[in-house]
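Working through the structure, step by step
As a plain string of letters, each chain reads:
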Amino acid sequence: MNSSIVTLQKLFLALLLSSLMLPVYSQSSDNAQTDRVKKWRYNQFDVGIGIATDHFYRMSLNNLLATAENPDALRRDLSGMTEEINTSSTGLGLYVNRSYSPWNSKTNSYLNNQELRFGIGMHSPKESMISYKNKELDTSIVYCNLHNEFTFELAYMWNGRWGANKKWFWYIGAGTNASVSFSNEMLLIEGRYFAPGEHPSTQESFEEKTQRFIAKPVVYNRVFVPYGLHRIVGEHWTVGVDLKRGFGYQAILGGSTNFVNKTNTFVLGAKYRPGKF
C-alpha cells in the first residue's frame, strides 16, 4: 500500500511539472519584420479537489469479469443467491489546469472572457462492484474491480463577472477528456452476509477473505459541459465550485466497451491569475 502511494505521488508530480510547461506558445504574425504576437497568452492557473462519478449504461457479472486477466479463476457457484449490482463508480480527484486567452486581431487585444484550458487529474481507486448474497446461509460473494486513473483534459470556456459589486466569477464551456487506468485489480471477497448499504470491507478478517487478481487496463473518453461559480477574494485569486456533466465510454484494452451514460464531477477549487480578475 505504501509503495503504491509513493508511486502515485511521483507520477502526479511528473504530470504537474508537465502541465506547468504546456507548449501553447505563439506563431508568427503576417508581417515577419515586426515583433511576433502570441496567438495564445497564459491567463490562469487552477487547482482543485473533488469527486468524480461515472454511471454505466449497463453492468453485469460478464462486464465485470471481462476486466480480469483470467476470468475463469473468479467464477463461483452462485445458485440460490440474490444479485445486487452497483452501476456507478466513484473516486476522489485532484485537478491541475492552465488556461490561455486567444488573441483578437480585430481589437488587437487578448480576449480575457474566453479561455482554452489544458488539465490533468489524478483519481483515487474507482470501484465497480457486484454482490451475491444469501441471508439464510449467512454468506456472500463479492466481485469488485478497482483502478486508479490519470486524466488529460481539454476545454474551451466563456466567462464573466456577476453581482452588484462584480465579485462573482462565472464560466461555462465545452470539453473532453481521456484517461488511462493503472493499479488495476479484481477482488473476490467470500465472507458472511452483509446488509444493504453495508460495505464488505467492514467484515472481520476482510483481508483474509479477499483474493486479488490482475485486471486489464481500461481507458475512458468523456465529453462534458464544464461550468462553475467562484468568489473573487483578491486581485489575483478566486475560490469556488467547479462542475462537469456529460457522458462517455469505457474501453477494456483487448476487451469490450461500456457506455457511460452520465458522468458528474464536483470540485472545490481555486484560480490564480497573474493579471487582475
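Residues numbered from 1 in each chain as written. Predicted model: local features only at pLDDT ≥ 70, side-chain atom pairs only at ≥ 80, totals over all residues. Heavy atoms only, no water.

**Topic: the overall build of the protein chain**
Here is the rule we go by: To qualify as a helix, a DSSP run of H or I must reach at least 4 residues; to qualify as a strand, a run of E must reach at least 2; elements of each kind are numbered from the N terminus. Note on exposure labels: buried denotes an accessible area under 20% of the residue type's maximum, exposed denotes more than 50%, and partly exposed covers the range between, all computed with a 1.4 Å probe on protein chains only. Throughout, a contact is declared for two residues whenever any of their heavy atoms are within 4.5 Å.
Counting its regular elements, the protein chain contains two helices and 11 strands. Listing every helix and strand of the protein chain by position from the N terminus yields α-β-α-β-β-β-β-β-β-β-β-β-β. Within the protein chain, buried positions represent 44% of all 277 residues. For the protein chain, the proportion of contacts with a sequence separation of at least 24, taken over those separated by at least 6, is 74%.

**Comments concerning the pairing of strand E9 (residues 218-232)**
The line we're drawing: Following DSSP output, two strands are said to pair if at least two bridges run between them.
The pairing of strand E7 (residues 168-191) with E9 spans 11 bridges and is classified as antiparallel. Of the residues in E9, the one forming a bridge with Ser179 is Tyr220. Inspection of the sheet shows E9 paired to strand E10 (residues 237-252) by 15 bridges, in the antiparallel sense. Counterpart to Tyr227 in the pairing with E10 is Leu243.

**A few points about the pattern of salt bridges**
As a reminder of what qualifies: The salt bridge criterion pairs a side-chain nitrogen of Lys or Arg with a carboxyl oxygen of Asp or Glu, the two atoms within 4 Å.
Counted under the stated rule, the structure contains 13 salt bridges. In this structure, Glu149 and Lys126 form a salt bridge, with 3.1 Å as the shortest nitrogen-oxygen distance. Linking Glu149 in strand E6 (residues 139-162) with Lys126 in strand E5 (residues 114-134), this pair joins segments that are 23 residues apart in sequence. Comparing Glu149 with Lys126, the two get one shared label, buried. One network of salt bridges, with partners in common, ties together Asp54, Lys126, Glu149 and Arg222.

**As for the nonpolar core**
Here is the rule: Only buried Ala, Val, Leu, Ile, Met, Phe, Trp, Tyr and Cys residues count toward a nonpolar core, and they belong to the same one when joined by side-chain atoms within 4.5 Å.
Leu64, Leu65, Leu74, Tyr132, Tyr143 and Met186 are the most contacted members of the largest nonpolar core, which has 20 residues in total. Those elements giving two or more residues to this core turn out to be helix H2 (61-65), E5, E6, E7 and E9. Aside from chain neighbours lying at most four places away, what touches Tyr132 is Leu61, Leu78, Met81, Thr82, Glu83, Thr139, Ser140, Ile141 and Tyr143. Formed by eight residues, the second largest nonpolar core is a distinct cluster that contains Cys144, Leu146, Leu187 and Phe194.

**Some remarks on the packing of aromatic side chains**
Under the convention used in this document: Ring geometry is summarised as follows: Phe, Tyr and Trp rings, the Trp one being its six-membered ring, pair when their centres sit within 6.5 Å, and such pairs are stacked at plane angles under 30 degrees, edge-to-face over 60 and tilted between the two. Criterion for a charge above a ring: Arg CZ or Lys NZ at most 6 Å from the ring centre, at most 35 degrees from the ring normal.
Scanning the model with the defined rule gives 10 aromatic pairs in all. Measuring from ring centre to ring centre gives 5.0 Å for Trp237 and Tyr272, while their planes differ by 50°; the resulting arrangement is tilted. Of this pair, Trp237 sits in strand E10 while Tyr272 sits in strand E11 (residues 257-272), placing them 35 residues apart in sequence. What makes Tyr272 partly exposed here is its relative accessible area of 27%. Each residue in the set Tyr42, Tyr100 and Phe118 is aromatic and connected to the rest through ring pairs, giving one cluster. The positively charged end of Lys126 is found above the aromatic ring belonging to Tyr220, 5.9 Å away from the centroid.

**Thoughts on unusual backbone geometry**
A positive phi is found at Asn108, a non-glycine position, where the angle reads about 50°. Within the secondary structure, Asn108 sits in the loop between strand E3 (88-104) and strand E4 (109-110). Positive phi, normally seen in glycine, also occurs at Ser183, with a value near 55°. Here Ser183 is to be found in strand E7.

**Description of the confidence of the model for the protein chain**
Spelled out, the test is: A residue's pLDDT is the predictor's confidence in that residue, given on a scale from 0 to 100.
With 86% of its residues at a pLDDT of 70 or more, the protein chain has an overall mean of 87. Of the regions scoring below 50 in pLDDT, residues 1-8 engages in three contacts with residues more than four places distant in sequence or in other chains. Considering only residues more than four positions removed or in separate chains, one finds that residues 19-35, a stretch of pLDDT under 50, has 21 contacts.

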